[in-house]
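Reading the structure
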Amino acid sequence: HIPVSGRNPALKEALGIRPHVLVLNKMDLADPRRQPVSAGAGLGWAGQGAAVVAQGGDSRACSPPVPVSLQIVPLVARLVAEGPRYHRAESSEFNILVIGVPNVGKSSLINSLRRLHLKKGISLGCWGSGRRWGTVSLASMTMSPFPPGKATVVGAEPGITKAVLTRIQVCEKPLMYLVDTPGVLPPKLGNVETGMKLALCGAIHDHMVGEDIMADYLLYTLNKQQQFGYVQRYGLGEPCDHIEPVLKCVALAQGRTQKVTVLTGTGNVNVTMLNYTAAAYEFLRDFRAGRLGRVTLD
C-alpha cells in the first residue's frame with residue numbers, strides 16, 4: 001500500500017553502506033498498475049550495498065520466477081559476504097536485524113522464513129559471538145493473526161513487538177539468525193498526508209487519528225484512483241464523494257448499530273441508531289484486508 005511513505009528516512013541514513021535488503025511486503029494488496037513505480041522507488045531508496053525484493057502474500061497475484069522467500073536468505077548471504085569490512089571473525093553465522101515502521105510485517109517475515117527453511121514453528125536462539133551483521137528493512141502494511149507455534153508474535157495492530165527480541169534461527173545452511181525489533185516511526189512526519197497513509201495501513205493506532213477522519217481520507221483516495229470496489233461491496237448505486245452515505249450503507253450491511261437512551265417528556269426511551277464509528281472501522285478493515293480492491297496509496 002505505501003512503498004514510499006512506509007519507510008523511515010532516518011533508517012536510510014543509519015544504514016549507510018551496510019549491506020541491507022529492502023523488502024516490499026504484501027505486494028498482493030498493491031495495485032498491479034503501480035507496481036513498477038513501487039519497484040523503481042525502492043531501487044532509488046536502497047542505496048549502496050543493497051537489494052530490493054517484492055514479497056507478495058498470494059503467489060498468483062505476484063509471481064516472480066523464484067519465490068521471494070527463497071531469494072532473501074541467499075541474497076543476504078551474498079551481500080554480507082561481499083562486504084569485507086564485516087569479516088572480523090572466523091564465525092560463519094549471519095546475524096540480521098529486521099527493521100521498519102510499525103505493522104509492516106517484520107515478525108511475519110521472520111516466521112515465514114523460519115517455516116520455509118527449517119520446517120519449524122517455534123525455537124528461540126541465544127546471543128552468540130557472530131560477527132557478520134546485516135539489515136532487512138520493510139515497507140508496507142498488514143500482518144497475519146497470531147496462531148500458536150510462531151517464533152515471534154504477530155498482530156494486526158501496531159506495537160505488538162515491544163522490544164528487541166532474542167535472535168531467532170531461520171536457516172541452517174548458511175547458519176542465519178534474524179532479530180525482531182519494534183517498529184520505529186520518524187520523530188516528525190513530513191506532512192499530514194504521509195501520516196494519513198501510515199494510519200490507514202495500521203502503522204499508527206486508529207484512535208490517535210480518528211476512524212471517521214481516516215475513513216473520509218480513504219474514500220477520497222479510492223475515488224481519486226477510480227477504485228470503486230466499495231460501491232458494489234456496500235450496495236451503493238454509484239460512487240460517492242461524501243463519507244456519511246457510505247458509512248450508513250456500511251452500518252446497514254454489517255449490522256453496526258448501538259442503543260441510545262433518549263430523554264423525553266414521558267421518560268427515557270431506548271432507540272437503536274447506526275454506529276458510524278464502528279462502520280468507519282469496518283470500512284478500514286475491509287481496505288486493509290484487500291476486500292475493496294488492490295490499492296497503492298503512494
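Residues numbered from 1 in each chain as written. Predicted model: local features only at pLDDT ≥ 70, side-chain atom pairs only at ≥ 80, totals over all residues. Heavy atoms only, no water.

Re the environment of Leu189
In this fold, Leu189 is placed in the loop between β6 (176-180) and α5 (192-200). Sequence separation between Leu189 and Asn8 is 181 residues, and the spatial gap between their C-alpha atoms is 9.2 Å. If sequence neighbours within four positions are ignored, Leu189 has contacts with Gly195, Leu198 and Ile204. (Helix = DSSP H or I, 4+ residues; strand = E, 2+ residues; numbered from the N terminus. Contact = heavy atoms within 4.5 Å.)

Things to note about the packing of aromatic side chains
Each pair of aromatic rings is reported with the distance of its centres and the angle of its planes. All told, the structure shown has 2 aromatic pairs when counted by the stated rule. Residues Tyr217 and Tyr220 carry aromatic rings whose centres are separated by 6.0 Å and whose planes lie at 45° to one another, so their mutual orientation is tilted. In this pair, Tyr217 and Tyr220 both sit in helix α7 (residues 211-224), 3 residues apart, roughly one turn of the helix. The exposure class assigned to Tyr217 is buried, which follows from its relative accessible area of 13%. The class for Tyr220 is partly exposed, based on a relative accessible area of 46%. A ring pair is formed by Tyr234 and Phe283, whose centres lie 6.0 Å apart and whose planes are at 70°; its orientation type is edge-to-face. Of this pair, Tyr234 sits in the loop between α8 (229-233) and α9 (243-254) while Phe283 sits in helix α10 (residues 276-288), placing them 49 residues apart in sequence. With respect to burial, Tyr234 and Phe283 carry one shared label: buried. The side chain of Arg167 reaches across the aromatic face of Tyr177, ending 3.7 Å from its centre. (Phe/Tyr/Trp six-rings, centres within 6.5 Å; stacked < 30°, edge-to-face > 60°. Buried < 20%, exposed > 50% of the residue type's maximum accessible area, 1.4 Å probe, protein only. Lys NZ or Arg CZ within 6 Å of the ring centre and 35° of its normal.)

Structural notes on unusual backbone geometry
Residue Lys173 is joined to Pro174 through a cis peptide bond whose omega torsion reads 0°. Looking at the secondary structure, you find Pro174 in the loop between β5 (168-171) and β6. A positive phi angle, near 65°, is found at Asn103, a position not held by glycine. Considering the arrangement of structural elements, one finds Asn103 in the loop between β3 (94-100) and α4 (106-118). The backbone of Gln226 shows a phi angle near 55°, a positive value even though the residue is not glycine. Tracing the backbone shows Gln226 in the loop between α7 and α8. Residue classification places Gln226 among the exposed positions, given a relative accessible area of 59%.

Describing the side chain of Asn275
Note on placement: Asn275 falls in the loop between β8 (267-274) and α10. On the accessibility criterion, Asn275 (17% relative accessible area) is buried. Looking at Asn275, its side chain comes within polar contact range of the main-chain nitrogen of Ala278, at 3.1 Å. The residues touching Asn275, leaving out its near neighbours within four places in the chain, are Ala251, Arg256, Thr257 and Gln258. (Polar contact = N/O pair within 3.5 Å; in protein donor to acceptor, adjacent residues only side chain to side chain.)

With respect to the environment of Asp212
With respect to the secondary-structure elements, Asp212 resides in helix α7. Between the alpha carbons of Asp212 and Leu284 there is a distance of 9.7 Å; along the sequence they are 72 residues apart.

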